[in-house]
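Below are the chains, spelled out letter by letter.
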Amino acid sequence: MRKAAALCLLAIGASALSACGAGGSLFNRARPDEFAVTRQAPLVVPPDFALTPPNPGAPRPQDVDSSKQALDALFGGPAPRSAVETDALGKAGASAVGIRSTVGDPETRTVAKGAAVQNILAAPEGDGQAAQAGVPGKS
């Protein structure tokens, strides 16, 4: 029985390996030529397709700012302002021209600071280990 099983496995193995050697080795097989490239006919615009010529001096449509394209893709372009936002901006008025450089100046006082805020700003720097949360009305 063992001889018959071994003979059967030997026959199956021989037939399986004979298929590999029939067409040549692995590297001598026929495969497509990747350098045989054919050219396709160029695209043709149909004669009845009416195209308008570009306006001289107009920006080209493909020269759009990439950051603007990204914002439009993410958020869908600029959203119209609500009535509340428009009203708040109208009441605030226009800012001064050099407001950013004025606010950044250390000599500029933009907010009336109370005593508690003055104490916080004047406190020495530390690692925060001695900090405690205060409860209003208790010391």
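Check the entry above for the structure.
The model shown is predicted, which means the values in this text are computed figures rather than measured ones. (Residues numbered from 1 in each chain as written. Predicted model: local features only at pLDDT ≥ 70, side-chain atom pairs only at ≥ 80, totals over all residues. Heavy atoms only, no water.)

(A) Looking closely at the pattern of salt bridges. All told, the structure shown has three salt bridges when counted by the stated rule. Across the pair Arg81 and Glu85 runs a salt bridge, and its minimum N-O distance is 3.6 Å. Its relative accessible area of 56% is what places Arg81 among the exposed residues. You can call Glu85 partly exposed: its relative accessible area is 38%. Taking the shortest distance from any N to any O, the salt bridge between Lys91 and Asp87 comes out at 3.6 Å. Taken together, the residues Lys91 and Asp87, both in helix 3 (residues 83-92) and four residues apart, mark about one turn of the helix. On the accessibility criterion, Asp87 (42% relative accessible area) is partly exposed. (Salt bridge = Lys/Arg side-chain N within 4 Å of Asp/Glu carboxyl O. Buried < 20%, exposed > 50% of the residue type's maximum accessible area, 1.4 Å probe, protein only. Helix = DSSP H or I, 4+ residues; strand = E, 2+ residues; numbered from the N terminus.)

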